[in-house]
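Chain residues, written in single-letter form:
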Amino acid sequence: MDRERGESEDNLDYSVANVEKALHQLYYDPNIDNKNLAQKWLMQAQVSPQAWQFSWALLSPNKVPEIQYFGASALHIKISRYWSDIPSDQYETLKSQLFNQIACFASGSKIVLTRLCVALASLALNMMPERWPNAVGDMVKMFQTESSDVDGKARCMALLELLTVLPEEFQTSRLPQYRKGEVRNALAQESGAVFPLLQQLLQTDSPVFISQKALKCFSSWVQLDVPLLDCECLMQASFTSLHNAELFDTAVEALVNAISQPDAQRYVNTLLKLIPQVLQLQEQLRQAVQNGDMETSHGICRIAVALGENHSRALLEQVEHWQTFLALVNMIMFCTGIPGHYPVNETTSSLTLTFWYTLQKTIYWQEVDISDTLMYVYEMLGAELLSNLYDKLGRLLTDTEQASSWQHIEACLYGFQSIAETNDVNYSDVIPGLIGLIPRINISNVQLADTVMFTIGALAEWLADHPVMINSVLPLVLHALGNAELSISSVSTLKKICRECKYDLPPYAANIVAVSQEVLMKQIHKTSQCMWLMQALGFLLSALQVEEILRNLHSLISPYIQQLEKLADEPPNPSNKLAIIHILGLLSNLFTTLDISHHDDEPEGTEAKKKPTLQGPNPVVVVLQQVFQLIQKVLSKWLNDAQVVEAVCAIFEKSVKTLLDDFAPMIPQLSEMLGQMYSTIPQASALELTRQLVHIFANDPTHFVPVKALFLLVTSVTLSIFQQGPRDHPDIVDSFMQLLAQALKRKPDLFLAENCDVKALFQCGVISLKFPEAPTVKATCAFFSELLPRCREVQPIGLVVHENGKLLLQAILEAIGGQAPRSLMDHFADILFALNKHCFTYLSIWLKEVMQQQNFPSSRLTQGQKETFSQQILRDRVNKRRVKDIVKEFTLLCRGLHGTEYAAEY
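In this text the structure is predicted, and so the values were computed from the model without any measurement.

Draft legend 1. Region of the structure containing the overall build of the protein. When you go through the protein residue by residue, the secondary structure sums to 44 helices and zero strands. With 906 residues in all, the protein has 53% of them scored as buried. Carbon and sulfur atoms provide 50% of the accessible area of the protein, an area that totals close to 42,200 Å².

Draft legend 2. Representation of the environment of Gln 625 within the structure. Looking at where Gln 625 falls in the secondary structure, it is placed in helix H31 (residues 619–638). Residue class for Gln 625 comes out partly exposed when judged on its relative accessible area of 34%. A sequence separation of 40 residues divides Gln 625 from Pro 665, and the C-alpha atoms of the two residues are 8.9 Å apart. Ignoring any residue separated from it by four or fewer positions in sequence, one finds Gln 625 in contact with Pro 665, Met 666 and Gln 669.

Draft legend 3. Focus on the nonpolar core. Counting residues in each nonpolar core, the largest one holds 194 residues, and the members touching the most others are Leu 494, Phe 652, Phe 663, Phe 751, Leu 808 and Phe 828. Sort the elements by how many residues they give to this core and H31 lands first, with eleven residues. Phe 751 has contacts with Phe 711, Leu 740, Ala 743, Leu 744, Cys 756, Val 758, Leu 761, Val 794, Pro 796 and Ile 797, leaving out every residue within four places of it along the chain.

Draft legend 4. Layout of the confidence of the model for the protein. Taken residue by residue, the protein gives an average pLDDT of 85. The fraction at 70 or more is 90%. By mean pLDDT, the top-scoring element of the protein is helix H37 (residues 758–768) (95), and the lowest-scoring one is helix H1 (residues 2–6) (39). Across residues 901–906, where pLDDT falls below 50, the model places eight contacts with residues more than four positions away in sequence or in other chains.

Draft legend 5. Structural detail: the pattern of salt bridges. What the rule picks out here adds up to 27 salt bridges. Where Lys 888 meets Asp 826, a salt bridge forms, and the shortest distance between an N and an O atom there is 3.7 Å. Of this pair, Lys 888 sits in helix H43 (residues 880–895) while Asp 826 sits in helix H40 (residues 825–838), placing them 62 residues apart in sequence. Connected through shared salt-bridge partners, Lys 745, Glu 786, Arg 790 and Glu 793 make up one network.

Draft legend 6. Representation of the packing of helix H25 (residues 470–480) against helix H26 (residues 487–500) within the structure. At a minimum axis distance of 9 Å, the contact between H25 and H26 shows a crossing angle of 140°. Between H25 and H26, the interaxial angle falls into the category oblique. As for the relative orientation of H25 and H26, their crossing is left-handed in sense. Here Leu 474, Val 477, Leu 478 and Ala 480 of H25 lie close against H26, whose contacting residues are Ser 490, Thr 493, Leu 494 and Ile 497.

Draft legend 7. Quick look at the packing of helix H12 (residues 232–241) against helix H13 (residues 248–260). Packing of H12 against H13 brings their axes to within 8 Å, and their N-to-C directions diverge by 145°. Considering the relative orientation of H12 and H13, their crossing is left-handed. For the pair formed by H12 and H13, the contact residues are Met 235, Ser 238, Phe 239 and Ser 241 on the first element and Phe 248, Ala 251, Ala 254, Leu 255, Ala 258 and Ile 259 on the second. Taken together, the residues that form the contact of H12 with H13 break down as eight nonpolar, two polar and no charged.

Draft legend 8. Structural detail: the side chain of Thr 451. For Thr 451, the location among the structural elements is in helix H23 (residues 446–458). Of the residues examined, Thr 451 reaches a relative accessible area of 6% and is grouped as buried. Setting aside its immediate chain neighbours within four residues, Thr 451 contacts Glu 410, Leu 413, Tyr 414 and Gln 417.

Draft legend 9. View of unusual backbone geometry. Of note, the amide linkage connecting Met 128 to Pro 129 takes the cis form, showing an omega dihedral of -10°. Positionally, Pro 129 belongs in the loop between helix H7 (110–127) and helix H8 (135–144). For the bond running from Phe 856 to Pro 857, omega is -5°, close enough to zero to count as cis. With respect to the helices, strands and loops of the structure, Pro 857 is situated in the loop between helix H41 (840–850) and helix H42 (863–875). Of note in this structure, Gln 523 is not a glycine but carries a positive phi near 55°. Here Gln 523 shows up in the loop between helix H27 (509–521) and helix H28 (527–542). Given the relative accessible area of 64%, Gln 523 is considered exposed. The phi dihedral of Leu 660 falls on the positive side, at around 55°, and the residue is not glycine. Structurally, the position occupied by Leu 660 is in the loop between helix H32 (642–659) and helix H33 (667–680).

Draft legend 10. Main features of the side chain of Glu 786. Take Glu 786: it is sitting in helix H38 (residues 774–787). When near neighbours in sequence (up to four residues on either side) are disregarded, Glu 786 contacts Ala 741, Leu 744 and Lys 745.

Draft legend 11. Spatial organisation of the packing of aromatic side chains. Applying the stated criterion across every chain, the model contains 14 aromatic pairs. Arranged with centres 6.2 Å apart and planes meeting at 15°, the rings of Phe 54 and Phe 70 form a pair that is stacked. With Phe 54 in helix H4 (residues 51–58) and Phe 70 in helix H5 (residues 65–81), this residue pair connects regions lying 16 residues apart in the sequence. With respect to class, Phe 54 is no different from Phe 70; both count as buried. Between Phe 99 and Trp 132, the ring centres sit 6.2 Å apart and the planes meet at 80°, which makes this aromatic pair edge-to-face. Separated by 33 residues along the polypeptide, Phe 99 in helix H6 (residues 91–105) and Trp 132 in the loop between H7 and H8 bring together distant segments of the chain. Ring pairs connect the aromatic residues Phe 99, Trp 132 and Phe 143, which therefore count as one cluster. Above the plane of the ring of Tyr 82 lies Lys 78, whose end atom (NZ or CZ) is 5.2 Å from the centre. Sitting over the ring of Phe 334, Arg 286 keeps its end group 5.9 Å from the ring centre.

Conventions and cut-offs
- Residues numbered from 1 in each chain as written.
- Predicted model: local features only at pLDDT ≥ 70, side-chain atom pairs only at ≥ 80, totals over all residues.
- Heavy atoms only, no water.
- Helix = DSSP H or I, 4+ residues; strand = E, 2+ residues; numbered from the N terminus.
- Buried < 20%, exposed > 50% of the residue type's maximum accessible area, 1.4 Å probe, protein only.
- Areas by Shrake-Rupley, 256 points an atom, 1.4 Å probe, with all protein chains shown as cover.
- Contact = heavy atoms within 4.5 Å.
- Core = buried A, V, L, I, M, F, W, Y, C linked by side-chain atoms within 4.5 Å.
- pLDDT = per-residue confidence, 0-100.
- Salt bridge = Lys/Arg side-chain N within 4 Å of Asp/Glu carboxyl O.
- Axes fitted to C-alpha atoms, helices over the stretch in contact; angles between N-to-C directions.
- Parallel < 35°, antiparallel > 145°, perpendicular 65-115°, else oblique.
- Left-handed = near helix turned anticlockwise from the far one by under 90°.
- Nonpolar A, V, L, I, M, F, W, Y, C, P; charged D, E, K, R; others polar.
- Phe/Tyr/Trp six-rings, centres within 6.5 Å; stacked < 30°, edge-to-face > 60°.
- Lys NZ or Arg CZ within 6 Å of the ring centre and 35° of its normal.

What follows is the structure in structure tokens.
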């Protein structure tokens, strides 16, 4: 055989015997080189002219399924890829032979039956519609005809298999484009021969395996864009099947595919009929959530989201049915709020995110389309378009004889807004005139007022370069702040002005703060707009003198501090919790933007403007020190509530990110509080804040002692969590690994501390590598990638790695061998690369030892493949990209995917 394969292809003897020998070699020869040689030879055999002879022989009943499967595959390849080589007078004979073989295998090997069905499907697609006009109908008749040789259920399953693979083969077929259209139309018409059969099977007391196959067949056909109207009865049957646990997953897939087909939006009446059916699943959904049945809640959510996400525009246009659509939205909202930690005990909420994005986009689609059109016009006309808009707006506002409709005025403003948001209008000579016209607009209409606000916001950068014009529009914005209906537009516009024009706003600061305080106290705005408003005030205060900042901060914050003091004295309850989180959020957002340091990205000429000069503590630090004890008091009552703890940590985290070195006076007391918090009830948010402190202050000798003490304390507490079992705390593990990586990057000396148990940390990392959550694994890989390069400079690390590195290697290879998702392979490759670079001698020994284990890291590997991989890894000590490629190839071998089409797509 080997000699024959080395000869030229023309002389190769593709006999039945030789093909069988090669297949035996492929499946059972332990030598990988022989396997590869056999595979190459068999691929040539499949496309050779002799394939027409040996294929049928290989299908003989006395052959094993592996050999029969090769024969069926060869037939499929000849039909699908070399159709033009088949004489037309052979078509009918070939069709008849395939029907006979499918009948023979109806009760035989499933994998061979499927391959024969795929071959017949390919034949049908190549003959449709001219040479085989009623292909699908003929298939149905052929298998419905009584046959004494084939059991009725087996015939039914064979027919369903053939009908299922037919649309799938069409999707992957190599038909020319013009033929694809013809065949798609023919198939869509022939669904009339398929759907009644499927309906009959699903409505009678068919065995579960028949019903399941019928649902799969329906799922396959709807992907051919069959009119949704024709699918109504089968969709109803699919909804009924959702109550059968064995049919649930297949029914979900069928419904999602039917609902998601692009052409479905044309059938609005059918879509409207679907909503009540989806809503009827709410009780089943609630029970699934209550019982922790993630599979059921996930499946029902997929159906609801498919309907909402794919057809929100069509359904929104049916204004008379808005209540029905709103009920669907509420159902999806329930899915978004399913309790649990994603993806440990909840996998549904993330499905809904695209729906919310699509819904928002759908609501605003008209405005976007208009905006895009204006952009194209502006590209052609430039300044002329702005002049025309200005002239039109001027006439509308000054025409005393005829009152202008607000829609015409709004259209002109929207034009200015769209252009100013995406283009530099700094040199336009009409913008000053526009700013002069805006105060003359009667904004009693809310929609017009919204557009006025957004237009002013779009011109914020222009106002920063023309500060003399600020006073023309700022009063309008401040007035609009008091109108709840203009909440989003007025607050976002004020925020833009405060950000872009802050060095020109000191004369207006007192008024802006006063108006903002008033609307905040009156609770005019929703939570998110309150947070934006605080960010706007943070920008504003940044440009004032320190004394003014402190005075305004005192005025702004005092009412909330008083409220917080009152809440801190009251027993915890849900209402108090919301109020506390709201106040802490306001402070966080204020401190996020209150930055009095000088930055290089400030506009030219800023230096000449009045800037604050810092003498003494930063104003934010002053305020934080004043409220520190109060925050501690709040924490003492709410320490077991993750949301309150997170809100407290956010205040300090956002402050430290903004203030950087200016935050230094807070380090001792914050470190102590964080340590107490984390020791009492460990939470991820405290670790995140600790990481920020390590990042900014670990290298500062003045603050090294408290930061070191905090680091060692949270490390000790987290180690105890690992001893008790960390599986229920993936968020803590994730944040802890990020903290360790940051510490190694910024201050490896932290690991020299006497009470730093480096060995225990190493073992925690090995455990964390095996977590199912991808973010946790990535963070752990980052930890090891930072740890290994410190082997020489930090003695305890070097010692631990040399003693325990084999365990790490074992865990990495287990992950590569199939225990971790393939998307994470680059991260494991990083660790291998670091091991090779910094522990080469040890790695070569460890690799040899672990690879001796039988079936490790995968039972699919030969010893030769393992040795090749080890040699490749050890050889590449400088090319990280190459190591990643080696790992990707090896993981495919481990999973049995090497050389498959699935792997090629990866």
